[in-house]
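Coordinate inspection notes
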Amino acid sequence: MKTVTCTNAQFEVVEQPTPTPAKGQLLINVLRCGICGSDLHARHHCDELADMIADSGYHAFMRSNQPVVLGHEFCGEVIDYGPRTRKAPRIDTPVVALPLLRRGNEVHGIGLTTMAPGAYAEQLLIEQSLTFPVPNGLSPEAAALTEPMAVGWHAVRRGEVGKGDVAIVIGCGPIGLAVICMLKAHGVRTVIASDFSPGRRALATACGADIVVDPAQGSPYPSGHGHLKSILDAFDLAVGTVEKLQRLRLPWWHLWRAAEAAGAATPKHPVIFECVGVPGIIDDIIGSAPLFSRIVVVGVCMGADRIRPAMAINKEIDLRFVLGYTPLEFRDTLHMLADGKVDVAPLITGRVGLSGVEAAFDALADPETHAKILIDPNSTAATPQPVS
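Residues numbered from 1 in each chain as written. Predicted model: local features only at pLDDT ≥ 70, side-chain atom pairs only at ≥ 80, totals over all residues. Heavy atoms only, no water.

The name an unreviewed UniProt entry assigns to the protein is Zinc-binding dehydrogenase, from the organism Mycobacterium simiae.

Here we look at the sheet that holds strand β14 (residues 294–297)
Reading across from one edge, β12-β11-β10-β13-β14-β15 is the order of the six strands in this open sheet, with parallel pairing throughout. Sheet topology places β12 (211–213) and β15 (318–321) at the edges, where each strand pairs with a single neighbour. In this sheet, adjacent strand axes meet at a mean angle of 20° when their direction is disregarded. Judged from the four bridges that link them, β14 and β15 form a sheet pairing that is parallel. Bridge pairing in β15 links I295 to L319. Packing against the sheet, helix α4 (residues 174–185) makes contact with β10 (166–170), β11 (190–194) and β13 (271–274), and its axis sits at approximately 165° to β10. (Pairing = 2+ DSSP bridges. Helix = DSSP H or I, 4+ residues; strand = E, 2+ residues; numbered from the N terminus. Axes fitted to C-alpha atoms, helices over the stretch in contact; angles between N-to-C directions. Contact = heavy atoms within 4.5 Å.)

Some words on the nonpolar core
M149, L177, I180, L183 and F273 are the most contacted members of the largest nonpolar core, which totals 54 residues. When residues of this core are traced back to their parent elements, those giving at least two are α2 (140–143), α3 (146–159), β10, α4, β11, α5 (198–206), β13 and α10 (327–338). Counting residues per element, this core draws most heavily on α4, at seven residues. Mapped onto the domain boundaries, this core takes at least three residues apiece from domain 1 (2–133 + 344–386) and domain 2 (150–227 + 267–321). Those residues in contact with I180 that lie beyond four places of it in its chain are V169, C172, V191, A193, A204, C207, G208 and A209. Ranked by size, the runner-up nonpolar core spans 43 residues in total, among them L49, L101, I110 and I375. (Core = buried A, V, L, I, M, F, W, Y, C linked by side-chain atoms within 4.5 Å. Buried < 20%, exposed > 50% of the residue type's maximum accessible area, 1.4 Å probe, protein only. Domains from an automatic or database assignment.)

Regarding the packing of aromatic side chains
Scanning the entire structure with this criterion turns up six aromatic pairs. Among the aromatic residues, ring-to-ring pairing joins F11, Y120 and F361 into one connected group. (Phe/Tyr/Trp six-rings, centres within 6.5 Å; stacked < 30°, edge-to-face > 60°.)

Remarks on a nonpolar patch on the surface
A surface patch of nonpolar side chains, amounting to about 320 Å² of accessible area, comprises I231, L232 and F235. Looking at where L232 falls in the secondary structure, it is placed in helix α6 (residues 231–246). Under the relative-accessibility criterion, L232 is labelled exposed at 63%. (Patch = residues over 30% accessible without salt bridge, like charges linked within 9 Å, V, L, I, M, F, W, Y side chains within 5 Å. Areas by Shrake-Rupley, 256 points an atom, 1.4 Å probe, with all protein chains shown as cover. Salt bridge = Lys/Arg side-chain N within 4 Å of Asp/Glu carboxyl O.)

Some details on the UniProt feature "domain: Alcohol dehydrogenase-like N-terminal" (unreviewed entry) in the protein
Summarizing the sequence annotation, UniProt attributes the feature "domain: Alcohol dehydrogenase-like N-terminal" (unreviewed entry) to residues 23–135 in the numbering used throughout. Helix makes up 17% of residues 23–135 and strand makes up 35%, while its end C-alpha atoms are separated by 25 Å. (UniProt positions renumbered as here; feature names shortened; annotations may be inferred.)

Regarding the pattern of salt bridges
This structure, assessed with the given rule, holds 13 salt bridges. Measuring nitrogen to oxygen at the nearest pair gives 3.4 Å for the salt bridge that ties R32 to D376. With R32 in strand β3 (residues 25–34) and D376 in the segment after β17 (372–375), this residue pair connects regions lying 344 residues apart in the sequence. The pair formed by R32 and D376 is uniform in burial state, with each residue classed as buried. Taking the shortest distance from any N to any O, the salt bridge between E73 and K372 comes out at 2.9 Å.

Examining the packing of α4 against α5
Remark: α4 packs on α5, axes separated minimally by 9 Å, with the N-to-C direction vectors making an angle of 20°. On the basis of their axis angle, the class for α4 and α5 is roughly parallel. Seen along the crossing, α4 lies across α5 with a hand that is right-handed. In this structure, α4 contributes P174, L177 and I180 to the contact, and α5 contributes R200, L203 and A204. Residues that form the contact of α4 with α5 fall into these classes: five nonpolar, no polar and one charged. (Parallel < 35°, antiparallel > 145°, perpendicular 65-115°, else oblique. Left-handed = near helix turned anticlockwise from the far one by under 90°. Nonpolar A, V, L, I, M, F, W, Y, C, P; charged D, E, K, R; others polar.)

Next up, the structure:
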């Protein structure tokens, strides 16, 4: 079979043996595979990533001198089963799967290690237990986006965003757009998106953002909405609340406790999704955000970064980090796509064959041109082509 390997940041189309599924595994023909931002990072920063991940106990992450087949956003058709493996889904069934693969006693991330080659290939091994048939005739293009959209759904759930909360998305690349789609699918009424790129701001609007901001021209943190901007505002609110409660001639502390129990004692605050992943962004958001904001870090910053803890303390910022998704979130995301609750069509901007992977990576460097490029192993396109 044909695959695309990445070695020392260079891509090459090579012939490799068709993999043989082990017990509990399926072999699929790859129909589509998305190029993820983490693939772009891994191409040039995998050694740095591998060193960092090794500190957390995983030592099989790809290294630059290894020929690795990338690709973890995929849709394919079942063509074979491992021994003593349940024959489901049936042959030729279109499927998606969580990008995890068992090798002995270990589980590895598909497309990020030599232990689990990815979907920049004609065929791919997946785990039968993590495989989901594609429902409702969902197209392979849309189904392949289950994985990145599941990242967005996990981020929204981690943010605990209420429908009446203001959600602010900083950065409208593919993951920021996924977060916007999932916020609107969740019923959040006010979604503000911010990006310097006119093209990405247009995509944010297409994905449902209610307000789109060019940060060079204005702030994504609007006045109003009951958000507190300064410590003096918080002091004034605390003192003023006690004064009002005392006028009722009741023990104010009992009333305050009742308000806390009802969830009415915490000032309104936005939930902010950091989807840029470059040094300085987290600290910039902390410095600009209203008091009590919840910041959900979705963007992957390569290397070290710095924040001012005292600023976050003074604002009582809630800082959360997210990684991936659960199997249930992945399954639910697939069905949201198939049921028409989420439209990913605006994100898909190009298609290439295996020979066009390097050209696709180059094209993705321009935010005005592309958001998500899909690889079609059956295509001969050497440069990104429009998706009809």
